[in-house]
Amino acid sequence: MKVEQCLVLIKPDGLVKSLTGDIISKLSETQLVIVGAKIVQVTKELAEEHYQHLREEKFFGELIRYIMGEFHTKRVLALVYQGEDATAKIRKIVGATNPELAEPISIRGKYGRVTTRGVFENVVHASESQKEAEREIKLWFRPDELVNTIF
Ligand code: UDP
Ligand code: MG
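So, how was this worked out
Residues numbered from 1 in each chain as written. Chains lettered and ligands numbered in written order. Predicted model: local features only at pLDDT ≥ 70, side-chain atom pairs only at ≥ 80, totals over all residues. Heavy atoms only, no water. Pairing = 2+ DSSP bridges. Helix = DSSP H or I, 4+ residues; strand = E, 2+ residues; numbered from the N terminus. Axes fitted to C-alpha atoms, helices over the stretch in contact; angles between N-to-C directions. Core = buried A, V, L, I, M, F, W, Y, C linked by side-chain atoms within 4.5 Å. Buried < 20%, exposed > 50% of the residue type's maximum accessible area, 1.4 Å probe, protein only. Contact = heavy atoms within 4.5 Å. Near = heavy atom within 4 Å. Polar contact = N/O pair within 3.5 Å; in protein donor to acceptor, adjacent residues only side chain to side chain. 1 Å grid on protein atoms, 1.4 Å probe; cavity = no way out; pocket = protein on both sides within 12 Å on 5 of 7 lines; lining within 4 Å. Sits in = over half its atoms within 2 Å of the grid points.

**Q** Would you mind showing me how to read the sheet that holds strand 1 (residues 3-10) here?
**A** Strands in a sheet are paired, the pairing made by backbone hydrogen bonds, and the direction either parallel or antiparallel. If you walk across this open sheet you meet the four strands as 2-3-1-6, and the pairing is antiparallel. Each having just a single partner strand, strand 2 (33-40) and strand 6 (124-126) make up the two edges of the open sheet. Put simply, the sheet's adjacent strands are angled 15° from each other on average, direction ignored. Pairing of strand 1 with strand 6 involves three bridges; the strand directions are antiparallel.

Below, the structure written as structure tokens:
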């Protein structure tokens, strides 16, 4: 068991569908602690840096438009969770990337959809590993926006 951090983003579809309360309640089952939270208007630069590993994918352009809120609302709720095995615990509740394959009781299984434009509108982002979490949290938050000095 290791104390980790995990970046969670409630994506624009999650906000527009008023799923914030439900998602935060569901994630509270992990007993992890929220150490940072803010509403962000995502710039193209932030979106492209966040999803840099997907730059070559054919859905990249649509994904950037999606996270910037062009299809829903230009807001994302960014949260940092901290605690033992944070990434694995959160990813389990969030569910698989493709909402059609995600467990029906997971957040993505319940609320996500696959669009005809070929993007998975899957309501939330969650860091995949502690290494990715560190990179992402440094990208989304300044150190003084987090309650304890993490990195
Ligand atoms: N995505 C998509 N189609 C794909 C793979 C990914 O639309 O075939 C989108 C989806 O919104 C996903 C995001 O790109 O959440 C990031 O992809 P990643 O492989 O990192 O999945 P995640 O870590 O979010 O489960
Ligand atoms: Mg990912």
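**Q** Explain the nonpolar core to me, please; I cannot follow it from the model alone.
**A** Nonpolar side chains tend to gather and get buried jointly when the protein is soluble and globular. If you look at the biggest cluster of nonpolar residues, it comprises 25 residues, and the most contacted ones within it are Leu7, Val42, Tyr51, Val80, Ile137, Trp140 and Phe141. By residue number, the principal contributor to this core is helix 4 (residues 60-67), which donates five residues. Residues contacting tryptophan 140, with those up to four places away along its chain left out, are Leu7, Leu9, Lys38, Val40, Val42, Leu46, His50, Val76, Ala78 and Glu145. Within the second largest apolar cluster, 19 residues are counted, among which are Leu15, Leu79, Ile90 and Ile93.

**Q** Please explain the site of ligand 1 as it appears in this structure.
**A** In the vicinity of ligand 1, 14 residues are found, and the nearest of them are Arg91, Thr97, Phe120, Asn122 and Glu128. Between ligand 1 and histidine 53 there is a distance of 3.2 Å, counted from an oxygen atom to a side-chain nitrogen or oxygen. In the model, an oxygen atom of ligand 1 is placed 2.5 Å from a nitrogen or oxygen of the threonine 97 side chain. More than half of the atoms belonging to ligand 1 lie within 2 Å of the grid points that define the largest pocket.

By themselves, these are just geometric observations and shouldn't be taken as functional.
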